[in-house]
Amino acid sequence: MVKRFIKYYVPHKWLFILSMTVAFLSSGITILIPTFTRSLLATHIPEKNYQTIVMILIIMLCIIILKAIFTKIRIKWGHILGVRMEFDMREDIFRHLQKLSFSYYDNTKTGHIMSRISNDLNMIAEVAHHAPEDFLIAIVSIIGAFAVMFSFSVSLASMTLIPLPILLIWGIIYSGRMRKGFRNVRKRIADINSSVENSVQGIREVKSYANENVEISRFNNVNVLFMRAKEYQYDLMSTFHSGMNFFHDFYYIWIVGWGSLLIYRNMIGIADLLAFIMFINYILDPIGRLVNFMEQFQQGAASFERFIEIMDIEPDIEDKKNAFTPDYCKGNLKIIDVSFVYPGHEPIVLNKVNMTIPAGKTVALVGESGAGKSTLISLIPRFYECLEGEILLDDHNILNLTQIFLRKNIGIVQQNVFLFDTTIKDNILYGKPSADDEELISAAKEAHIFDFIMSLPDGFDTLVGERGIKLSGGQKQRIAIARVFLKNPPLLIFDEATSSLDNESEAFIHQSMIKLSQNRTTLIIAHRLSTVQNADLIYVLRKGKIIEQGTHKELLERKDYYYTLYNKTLFS
């Protein structure tokens with residue numbers, strides 16, 4: 001884990017070197033002040049060396065000015081170092097999240113992901129620059145102080161070493177406990193984020209069912225766990241710091257006591273003791289930095305472990321080493337003996353499914369809810385992998401194609417359209433970010449949404465709100481279709497795109513679907529069977545198996561399962 005953390009320093013090594021250099025120099029020159037003070041008190045003031053006294057005071061003034069300059073450099077560029085490392089980590093984890101398969105998101109709460117990409121990385125950034133600086137300053141200050149103190153008095157300096165192991169043992173005992181505590185707190189923060197996200201995203205359902213108290217109760221449950229985790233952590237911290245403060249105070253008394261004894265025995269002078277007392281601050285302050293280092297290190301280590309947990313997750317679906325990108329895509333699709341089961345679920349969802357969709361033809365897939373229709377179309381762009389069987393696109397097994405090629409040549413319009421919290425223009429351009437205004441307008445017209453957009457005060461620059469909340473279901477569907485018009489793929493998938501719309505919206509969508517489907521391979525999943533009557537071929541799916549296939553007319557004439565489904569939807 002250490003090597004993986006260090007790699008984020010490498011691109012910014014000069015900032016790290018600058019920060020550590022000024023930290024070293026700052027702590028090094030600070031040790032000179034007690035030395036000069038002892039020299040003044042022991043020699044130059046008693047001998048009344050006026051010029052030397054003035055010179056030493058000027059030097060001490062220059063030291064504190066130089067220290068202030070070093071502090072400015074260290075704080076500014078040290079924090080910039082942390083920010084840039086945080087930027088790199090956030091970019092890496094976001095890029096990695098884009099690679100992960102749907103199965104990861106199926107089993108991970110969004111709030112937990114947000115906690116790791118924000119709170120955890122912020123903590124890591126703080127540790128990245130504070131911890132090395134604090135550690136270096138502490139080591140240099142302590143070693144330097146003791147080196148000078150031993151030159152003054154070996155006996156007194158030796159006695160000042162005795163309490164240090166106690167401080168070290170105390171820190172080691174509680175560092176492990178605090179690490180576990182901070183990790184638990186991070187988990188509880190993620191739970192709170194997840195709870196708030198669920199409640200906010202579902203606020204309309206909450207209010208429509210008058211379940212505000214239910215949500216408050218759920219939030220209180222995770223909030224209580226978070227509170228208890230923090231209370232336990234603060235109990236550890238209070239014991240840790242109170243112990244350290246006691247040892248600090250004891251350390252001061254220890255030095256004064258032994259120094260007084262040595263003065264009484266004429267082994268050292270008063271100037272030596274005063275210098276040692278000054279050095280107490282230059283020892284205790286670094287020890288405080290070491291305490292801070294241990295505390296921050298535990299928090300940072302816990303946060304970095306959570307960061308690594310995500311980075312170590314490999315996507316379930318990856319391109320083969322020899323995956324290739326064909327020059328073009330005709331759109332011939334074959335599904336051969338495909339079976340599938342969701343990871344962790346025993347019931348098989350698809351069982352030996354076979355389908356053939358010639359290029360340019362429109363094929364419908366129908367069946368009751370839970371029959372496996374949406375699962376099947378999720379296998380075509382490789383959102384999930386087949387358990388058995390194979391899917392061929394233009395006679396190429398899709399496992400041998402690059403995912404980018406496959407998904408760029410497939411356009412999907414789903415029942416629950418997702419719109420980004422930005423403008424209508426940006427949402428349509430998601431189908432082809434490089435499209436010009438002429439292409440944008442053409443796509444909007446083809447999707448029968450242009451007139452509506454022009455009726456808005458801000459036109460294409462109208463904000464749609466989170467998940468497109470400011471638009472109706474039909475308007476969102478038409479924007480999604482305009483997005484696919486821009487993408488212009490040879491293979492289309494409509495996943496119950498009209499099932500939840502009113503008749504007027506359905507009519508608009510149906511017109512757009514017909515136009516969009518021209519000269520393209522089209523697979524339609526429909527709940528309302530009236531929308532698939534003109535399909536070239538219809539496959540009927542039941543409990544994961546294809547049980548019928550044929551045209552609408554042929555299937556009705558058989559008066560079998562499709563006939564029953566058609567009459568159900570016709571009169572529902």
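Residues numbered from 1 in each chain as written. Predicted model: local features only at pLDDT ≥ 70, side-chain atom pairs only at ≥ 80, totals over all residues. Heavy atoms only, no water.

Just to check I follow, could you spell out the overall build of the chain for this structure?
Of the regular secondary structure elements, the chain holds 20 helices and ten strands. For 572 residues, the compact-globule formula gives about 25 Å, and the C-alpha radius of gyration of the chain, at 35 Å, lies well above that figure. Principal axes of the C-alpha set define a box for the chain whose edges measure 120 × 50 × 50 Å. Within the chain, the proportion of its 572 residues that are buried is 48%. Within the chain, counting contacts between residues at least 6 apart in sequence, those at least 24 apart form 78% of the total. When the accessible surface of the chain is summed, it comes to about 29700 Å², and 58% of that surface belongs to carbon and sulfur atoms. Averaging the coordinates of the 60 positive side-chain charges in the chain and doing the same for the 58 negative ones gives two points 4 Å apart. (Helix = DSSP H or I, 4+ residues; strand = E, 2+ residues; numbered from the N terminus. Rg over C-alpha atoms; globule rule 2.2 N^0.38 Å. Buried < 20%, exposed > 50% of the residue type's maximum accessible area, 1.4 Å probe, protein only. Contact = heavy atoms within 4.5 Å. Areas by Shrake-Rupley, 256 points an atom, 1.4 Å probe, with all protein chains shown as cover. Lys, Arg positive; Asp, Glu negative; His and termini not counted. Charge placed at Lys NZ, Arg CZ, Asp CG, Glu CD.)

For this particular structure, what's the right way to read the environment of Arg-183?
Mapped onto the fold, Arg-183 is located in helix H8 (residues 164-201). Sequence-distant contacts of Arg-183, that is, excluding residues within four places in its chain, are made with Ala-302, Glu-305, Arg-306 and Glu-309.

Quick question: what am I supposed to make of the packing of helix H3 (residues 32-47) against helix H4 (residues 50-99) here?
The angle between the axes and the distance between the axes are what describe a pair of packed helices. Here H3 crosses H4 at 170°, and the two axes come no closer than 11 Å. Relative to H4, the element H3 lies roughly antiparallel. Residues Leu-32, Ile-33, Phe-36, Thr-37, Ser-39, Leu-40, His-44 and Ile-45 of H3 touch H4, and the partners they reach there are Thr-52, Ile-53, Ile-56, Leu-57, Ile-59, Met-60, Ile-63 and Ile-64. (Axes fitted to C-alpha atoms, helices over the stretch in contact; angles between N-to-C directions. Parallel < 35°, antiparallel > 145°, perpendicular 65-115°, else oblique.)

What should I look at first to understand helix H15 (residues 437-446) in this one?
Since one α-helical turn is 3.6 residues long, residues separated by three or four positions face the same way. Those residues of H15 lying buried are Leu-440, Ala-443 and Ala-444. In a view along the axis of H15, the buried residues occupy a sector of 100°, so they form one face of it. On the buried face of H15, the contacting elements are helix H14 (424-429), helix H16 (450-455) and helix H17 (473-487). For H15, the N-terminal capping position is held by Asp-436, with its side-chain oxygen 3.2 Å away from the main-chain nitrogen of Glu-438. (Arc of directions from axis to C-beta. Polar contact = N/O pair within 3.5 Å; in protein donor to acceptor, adjacent residues only side chain to side chain.)

Looking at this structure, I do not really get the pairing of strand S3 (residues 362-366). What am I missing?
Strand residues, when the strand is regular, have side chains that alternate between the two faces of the sheet. Counting buried residues along S3, five of its five residues qualify, which places the element largely inside the surrounding structure. Here S3 shows no split at all, with Thr-362, Ala-364 and Val-366 on one side and Val-363 and Leu-365 on the other all buried. Pairing analysis gives four bridges linking S3 to strand S8 (residues 521-525), with the strands arranged parallel. Its bridge partner being in S8, Ala-364 is matched across the sheet by Ile-524. Sheet analysis places S3 next to strand S9 (residues 537-542), joined by four bridges and oriented parallel. Across the sheet, the residue bridging to Ala-364 is Ile-538, located in S9. (Pairing = 2+ DSSP bridges.)

Can you help me understand the sheet that holds strand S5 (residues 396-397) in this one?
Reading across from one edge, S2-S1-S4-S5 is the order of the four strands in this open sheet, with antiparallel pairing throughout. Strands with a single pairing partner mark the edges of an open sheet, and in this sheet they are strand S2 (350-357) and S5. Relative to S5, strand S4 (residues 388-393) runs antiparallel, the two being bridged by two bridges. What sits directly across from Leu-392, in S5, is Asn-397.

Any chance you could explain a negative patch on the surface here in plain terms?
On the surface, Glu-314, Asp-316, Glu-318 and Asp-319 cluster together into a negatively charged patch. Inspection of the secondary structure assignment puts Asp-319 in the loop between helix H11 (270-311) and strand S1 (333-340). (Patch = residues over 30% accessible without salt bridge, like charges linked within 9 Å, V, L, I, M, F, W, Y side chains within 5 Å. Salt bridge = Lys/Arg side-chain N within 4 Å of Asp/Glu carboxyl O.)

Would you take a moment to explain the pattern of salt bridges for this structure?
Two side chains carrying opposite charge are able to pair once their charged atoms lie near each other. If you walk through the whole model with that rule in mind, you get nine salt bridges. The residue Glu-385 makes a salt bridge to Arg-382 at a minimum N-O spacing of 2.7 Å. Accessibility expressed as a relative area gives 25% for Glu-385, which makes it partly exposed. Here Asp-437 ties to Lys-425 by a salt bridge, and the two come within 3.7 Å at their closest N and O atoms. Linking Asp-437 in helix H15 with Lys-425 in helix H14, this pair joins segments that are twelve residues apart in sequence.

Any chance you could explain the packing of helix H2 (residues 13-30) against H4 here in plain terms?
The geometry of H2 relative to H4 is characterised by a closest axis approach of 8 Å and an angle of 150° between their N-to-C directions. With respect to H4, the axis of H2 lies roughly antiparallel. Our pair here, H2 against H4, has a crossing hand that is left-handed. Within the contact between the two elements, H2 uses Leu-15, Phe-16, Leu-18, Ser-19, Val-22, Ala-23, Leu-25, Ser-26, Ile-29 and Thr-30 and H4 uses Ile-63, Leu-66, Lys-67, Phe-70, Thr-71, Ile-73, Arg-74, Trp-77, Gly-78, Ile-80, Leu-81 and Arg-84. (Left-handed = near helix turned anticlockwise from the far one by under 90°.)

Help me understand the packing of aromatic side chains in this model?
Two measures describe an aromatic ring pair: the distance that separates the ring centres and the angle between the ring planes. Inspection of every chain in the model, using the stated rule, returns 14 aromatic pairs. When the ring of Phe-246 is compared with that of Phe-250, the centres are 6.3 Å apart and the planes differ by 15°; the resulting orientation is stacked. Taken together, the residues span about one helical turn, with Phe-246 and Phe-250 both in helix H10 (residues 212-264) at a distance of four residues. Judged by its relative accessible area of 33%, Phe-250 is partly exposed. Three or more aromatic residues link up through ring pairs in this structure, and these residues are Phe-5, Tyr-8, Tyr-9, Phe-16, Phe-304 and Phe-307. Over the aromatic face of Phe-450 sits the side chain of Lys-445, whose NZ or CZ is 5.1 Å from the ring centroid. (Phe/Tyr/Trp six-rings, centres within 6.5 Å; stacked < 30°, edge-to-face > 60°. Lys NZ or Arg CZ within 6 Å of the ring centre and 35° of its normal.)

Any chance you could explain a nonpolar patch on the surface here in plain terms?
Taken together, the side chains of Leu-61, Ile-64, Ile-65, Leu-66 and Ile-69 define a hydrophobic patch exposed on the protein surface, amounting to about 420 Å² of accessible area. Among the secondary structure elements, Ile-69 is positioned in helix H4.

Explain the nonpolar core here, please?
Generally speaking, a soluble globular protein has its nonpolar side chains buried in company with each other. Core analysis: the biggest nonpolar cluster contains 45 residues, and Met-149, Phe-276, Phe-279, Ile-283 and Ile-287 have the highest contact counts within it. When residues of this core are traced back to their parent elements, those giving at least two are H2, H3, H4, helix H6 (110-152), helix H7 (154-161), H8, H10 and H11. Among the elements that line this core, the one with the most residues is H11, at eleven residues. If we ignore the near neighbours within four places in the chain, the residues touching Met-149 are Ala-157, Thr-160, Phe-276, Phe-279 and Ile-283. With 43 residues, the next largest nonpolar core counts Ile-453, Val-484, Leu-492 and Leu-565 among its residues. (Core = buried A, V, L, I, M, F, W, Y, C linked by side-chain atoms within 4.5 Å.)

Geometric values such as these leave the question of function open.
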